[in-house]
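Reading the structure
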Amino acid sequence: MARLFFALYPDAAARASLAAVLPTDGARGRVIPADNLHVTLAFLGDVDATAADALRALQDAVPVPPFELCFERLVFWERARARVLVPEAVPPEAECLQAGIRRLLTGQGLSFDRRPWNPHVTLERRAAPAPTRPVTPIRIRFDDYVLMASETRPEGAVYRPLARWRLPP
Ligand code: 3AM
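Residues numbered from 1 in each chain as written. Predicted model: local features only at pLDDT ≥ 70, side-chain atom pairs only at ≥ 80, totals over all residues. Heavy atoms only, no water.

This paragraph deals with helix 1 (residues 12-19). All of the buried residues along helix 1 are Ala14, Arg15 and Leu18. All buried residues of helix 1 project into a common sector of 100° when viewed along the axis, lining one side. Within helix 1, the exposed residues directed more than 90 degrees away from the buried face are Ala12 and Ala13. Where the residues of helix 1 are buried, they touch strand 4 (67-77), strand 5 (82-87), strand 6 (121-125) and strand 7 (133-142). (Buried < 20%, exposed > 50% of the residue type's maximum accessible area, 1.4 Å probe, protein only. Helix = DSSP H or I, 4+ residues; strand = E, 2+ residues; numbered from the N terminus. Arc of directions from axis to C-beta. Contact = heavy atoms within 4.5 Å.)

The following block contains the structure:
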């Protein structure tokens, strides 16, 4: 069994820019390490090895052109007790990608979290309430997406990309 999710996984430079938002803002909760910063596209939860192998083997899974997300606001989500970065606008390519992944998962007979997609990068969990504030926009181009495995360790979650799909130009 592996705990899986599909995600947009920014490169190291972009992750560093995202991670740099919080220290200046005084985080008191659990700050997510830069290596773990991502945008969840679809959360599957525990998946058996056969289904995980089938997912990894998918060829050209969702043909959507590359796109950019520009993260511009730091928001406190009360129910999740998380502080997250959200983009002001979500390009249609991003919506198509996550919808395509959901279709693909349905086609594979896999279950996943069906709540509406709300693209975000979680920066801090167990966060104290804080007012929403704009941040210097962080524009990130995504030309691929990943199937990520999440392992819970005593020191926290460790994410490992299992497969990567390039978005066609
Ligand atoms: O994208 P973020 O970091 O907000 O909270 C988990 C994380 O979200 C979420 O999946 C992402 C990668 O772990 N997650 C964890 N358990 C979940 C669940 N049971 C879940 N999302 C939905 N249902």
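There is more to say, and it comes next.
Our focus in this paragraph is the side chain of Gln98. Relative to the helices and strands, Gln98 resides in helix 3 (residues 92-107). The contact partners of Gln98, leaving out residues within four places of it in the chain, are Leu41 and Trp117.

Taken in spatial order, the five strands make up an open sheet running 2-6-5-4-7, and their pairing is antiparallel. Only two strands of the sheet have a single partner each, and these edge strands are strand 2 (30-31) and strand 7. In terms of strand pairing, strand 5 meets strand 6 through three bridges, oriented antiparallel. For Leu85, the partnering residue across the bridge sits in strand 6 and is Val121. Packing against the sheet, helix 1 makes contact with strand 4, strand 5, strand 6 and strand 7, and its axis sits at approximately 170° to strand 7. (Pairing = 2+ DSSP bridges. Axes fitted to C-alpha atoms, helices over the stretch in contact; angles between N-to-C directions.)

Looking at the secondary structure, you find Ala127 in the loop between strand 6 and strand 7. Spatially, the C-alpha atoms of Ala127 and Trp77 are 9.0 Å apart, while their sequence positions differ by 50 residues. Other than its neighbours up to four places away in sequence, Ala127 contacts Gly29, Phe76, Arg81, Ala82 and Arg83.

The subject of this paragraph is the sheet that holds strand 9 (residues 156-166). The strand order 3-1-8-9 describes an open sheet built from four strands, whose pairing is antiparallel. Bordering the open sheet on either side are strand 3 (39-47) and strand 9, each of which pairs with just one other strand. The mean angle between the axes of side-by-side strands here comes to 25°, regardless of whether they run parallel or antiparallel. Two strands pair when backbone bridges link them, and strand 1 (residues 2-8) and strand 8 (residues 144-153) are joined in this way by five bridges, in the antiparallel orientation. Bridge pairing in strand 8 places Phe5 opposite Met148.

Moving on: the side chain of Arg15. Its location among the elements puts Arg15 in helix 1. Taking the relative accessible area as the measure of exposure, Arg15 reaches 10% and is therefore buried. Engagement of the side chain of Arg15 in a polar contact is seen with the backbone oxygen of Pro10, the distance being 2.7 Å. Here Arg15 is in contact with Tyr9, Pro10, Ala34, Asp35 and Leu37, once residues within four sequence places are set aside. (Polar contact = N/O pair within 3.5 Å; in protein donor to acceptor, adjacent residues only side chain to side chain.)

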